[in-house]
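Below are the chains, spelled out letter by letter.
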Amino acid sequence: MSVFMRMTSRNFRTVLVALAAIALLAGPTGRPAVAAAGVSVLDLIETDFSYSTISDQYQHPVPAQALLDGARVGLIAYLRSRGIANPQVAPMHAQADGRGAVPAIDRQMALALQRYGARADARDLVYAAIRGEVGALHDPYSVFFTATEVKGFNAAIDGTSFGGIGVQLAYDDARKAWLAENVFDGSPAATSGLLAGDELAAVDGTSLSGLDNARIEALIRGPIGSTVHLSIVRNGAPLAAPLAVVRAAVTPPDVTQRLLPHAVGYVALRSFSQDAGAKVRAALTALARAGAKAYVFDLRGDGGGYESAAVHVASDFIADGPIVANEGRDGKRHVSAADGDAVPALPLAVLVDHDSASGSELVAGAIQDRHAGTLVGTRTFGKGVAQTMFGLPDGSAIKLTTARYYTAGGRFIDHIGLDPDVAVDEPAGSEIGVPGHDPQLDRALALLTGGNT
């Protein structure tokens, strides 16, 4: 996933629009009719910026009415969550070109504050409207994050310490559910009784149905010492009560490496943090110095990260030429080429599975298309779209799908995935990364050593 924070010159325009919106909300005497309701200039700025960003930057045009209807759904849902049984939020309309949409949203927020007083909060209404607009896209990869969730999301990608519980999630396509694939020894999750294979149904009462990994991780992460409640389904039956897990400092490693028998260097990458390319290159170089004659590169369970990092990682294995092409809303393709810093080539096998997504598929696709190695495992997830993170003034942000990407050979893999060159299932009970107990790794080793494993 392509993720980077940016604010645009449109921010100055948002101030002007916000001031105009205040004027629209003023009473006949010129005094703000809703001043007591607590609508601030920052609230109005964020309402405009979010609407304009979605309207202008999403991967394809979105009708203004769809966004207005989404904002209304979000406002109603929030007011109901505050105990208001039948919230009054009028349908909103705009001109065909979208003009008037933002003032319509601002007006309904102000009226809600007037009607419901202390039961409604202005900033929460702004967030509700934004979430509703994002929800109207019906795009699992476009998400609104609060400022706290932004920090957790970035920490998860960059491998910095964060308040977490020590679990790696995987999506089970057959069960349409998120499972605890790995529960790390000694972690808060382990001590609270979470088991590998447990299904996570909800986090603090929020259902995980339809949510992507980034949103779920944002729900699970939080301040160190705080408690998160996990609703668990175990062996087909819900547990009687949610597991209460106290968050602790968690720092998962980005890259692990070791030299396996028969001089095969093994490198596993957890996520595509900003410096993933340099870390993978350092691991490969160290293994070569230790006598490695071939490499296994493990991308199983790696859900992606920064697109630029994926390009650098692919460049560790591919000396020159195209790595990936992005196609934005304008329909033009922009090709990213190898950065010319590849390590000396050795025989290579790349391990992939259904949880290898986004950046993992970018790298695996480039290696497969450029014939730089052999893919071993199961079909990958199938995420061929890229997101951009647009920051709002208060630190919250919208992660928005802005482009689709094509592999080095021009394949579009969204909802399709990559088929491995050598298909090998991973049965239950396998020990990932342990020769003799990991069938996919064993097959890769056999390919690289001529069967001498």
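Every value quoted in this text rests on a predicted model; they were computed, and no experiment measured them.

Before going further, it helps to spend a moment on the pairing of strand E12 (residues 255-260). As paired strands, E12 and strand E13 (residues 264-269) are joined by 6 bridges and run antiparallel to one another. Counterpart to leucine 259 in the pairing with E13 is glycine 265. Linking two consecutive strands that pair antiparallel, namely E12 and E13, is a turn of 3 residues; a positive phi of about 65 degrees is found at histidine 262 within it.

Formed by 46 residues in total, the largest nonpolar core has its most connected members in Leu269, Phe297, Val313, Phe317, Ile323 and Val363. Considering every element that reaches this core, the biggest residue donor is helix H10 (residues 307-317), with 6 residues. Residues in contact with phenylalanine 317, not counting those within four places in the same chain, are Val280, Leu284, Phe297, Ala342, Leu348, Ile367 and Ala372. Judged by nonpolar contacts, the second largest core, of 39 residues, contains Tyr51, Val102, Phe390 and Leu400.

A separate point is the packing of aromatic side chains. Overall, the coordinates contain 4 aromatic pairs when judged by the stated rule. Ring centres 5.0 Å apart and planes at 40 degrees place the aromatic pair phenylalanine 297 and phenylalanine 317 in the tilted group. Placement of the pair is phenylalanine 297 in strand E14 (residues 294-298) and phenylalanine 317 in helix H10, with a sequence separation of 20 residues. We classify phenylalanine 297 as buried; its relative accessible area is 1%.

With respect to the element layout, proline 427 can be found in the loop between strand E21 (422-423) and helix H12 (439-449). On the accessibility criterion, proline 427 (44% relative accessible area) is partly exposed. Sequence separation between proline 427 and aspartate 438 is 11 residues, and the spatial gap between their C-alpha atoms is 8.7 Å.

Before going further, it helps to spend a moment on the sheet that holds strand E17 (residues 348-352). One open sheet holds the 6 strands; their spatial order is E12-E13-E14-E17-E18-E21, and the pairing between them is mixed. Since the sheet does not close on itself, it has two edges, and those belong to E12 and E21, each with one partner. One ladder, built from 4 bridges, connects E17 with strand E18 (residues 374-377); its direction is parallel. When the bridges of E18 are listed, valine 352 appears paired with glycine 377.

How two helices sit against one another is set out by the angle between their axes and by the gap between those axes. Following both chains from N to C, one finds helix H9 (residues 276-289) and H10 inclined at 25 degrees, their axes separated by 7 Å at the closest point. It follows that H9 is roughly parallel to H10 by the angle criterion. As for how H9 packs across H10, the hand of that crossing is right-handed. Of H10, the residues touching H9 (which contributes Ala276, Gly277, Val280, Arg281 and Leu284) are Ala309, His312, Val313, Asp316 and Phe317. Partitioned by chemical class, the residues of the contact of H9 with H10 number 6 nonpolar, 2 polar and 2 charged.

Before going further, it helps to spend a moment on the pairing of strand E8 (residues 227-234). Sheet topology note: the strand E6 (residues 199-203)/E8 ladder contains 4 bridges and is antiparallel. Among the inter-strand pairings, glutamate 199 is bridged to a residue of E8, identified as valine 233. The sheet contact formed by E8 and strand E10 (residues 243-246) spans 4 bridges and is antiparallel. Its bridge partner being in E10, threonine 227 is matched across the sheet by valine 246. Pairing of E8 with strand E9 (residues 237-238), which is carried by 2 bridges, proceeds in the antiparallel orientation. Counterpart to valine 233 in the pairing with E9 is proline 238. Counting the residues that bridge the hairpin from E8 to E9 gives 2 residues, and of these asparagine 235 lies at a positive phi of roughly 55 degrees.

Right, let's talk about unusual backbone geometry for a bit. Glycine aside, residues mostly have negative phi angles, and peptide bonds mostly take the trans form. Here the phi dihedral of lysine 176 falls at roughly 55 degrees; this positive angle occurs in a residue that is not glycine. For lysine 176, the position within the fold is in the loop between strand E4 (167-172) and strand E5 (177-183). Residue classification places lysine 176 among the exposed residues on the basis of a relative accessible area of 56%. A positive phi is found at aspartate 204, a non-glycine position, where the angle reads about 50 degrees.

Analysis parameters
- As a convention, each chain's residues are numbered from 1 in the sequence order in which they are written.
- Local features in a predicted model are, by the rule used here, given only for residues with pLDDT of at least 70; side-chain atom pairs are given and counted only at 80 or more, and totals for whole chains, interfaces and linings are based on all residues.
- Only hydrogens and water are set aside when side-chain values are computed; all heavy atoms of the structure are taken into account.
- Should DSSP find at least two bridges between two strands, the strands are regarded as paired.
- Numbered from the N terminus, helices here are DSSP runs of H or I no shorter than four residues, and strands are runs of E no shorter than two.
- In these notes, a set of buried Ala, Val, Leu, Ile, Met, Phe, Trp, Tyr and Cys residues joined through side-chain atoms within 4.5 Å is what counts as a nonpolar core.
- Exposed residues in this analysis have more than 50% of their type's maximum accessible area, buried residues have under 20%, and partly exposed residues fall in between, with area computed by a 1.4 Å probe over protein chains only.
- In what follows, residue pairs with any heavy atoms lying within 4.5 Å of each other are defined as contacts.
- In this analysis, rings of Phe, Tyr and Trp, with Trp reduced to its six-membered ring, are considered paired at centre separations within 6.5 Å, and the interplanar angle assigns stacked below 30 degrees, edge-to-face beyond 60, and tilted for intermediate values.
- Between N-to-C directions, angles cover 0 to 180 degrees, with each direction set by a line fitted to C-alpha atoms, over the stretch in contact for helices.
- Orientation categories follow fixed angle ranges, with anything under 35 degrees roughly parallel, anything over 145 roughly antiparallel, 65 to 115 roughly perpendicular, and all other angles oblique.
- It is the rotation of the near helix from the far one that decides the hand of a crossing: anticlockwise by less than a right angle makes it left-handed, clockwise makes it right-handed.
- Polarity classes work like this: nonpolar for Ala, Val, Leu, Ile, Met, Phe, Trp, Tyr, Cys and Pro, charged for Asp, Glu, Lys and Arg, and polar for all others, with Gly in that last group.

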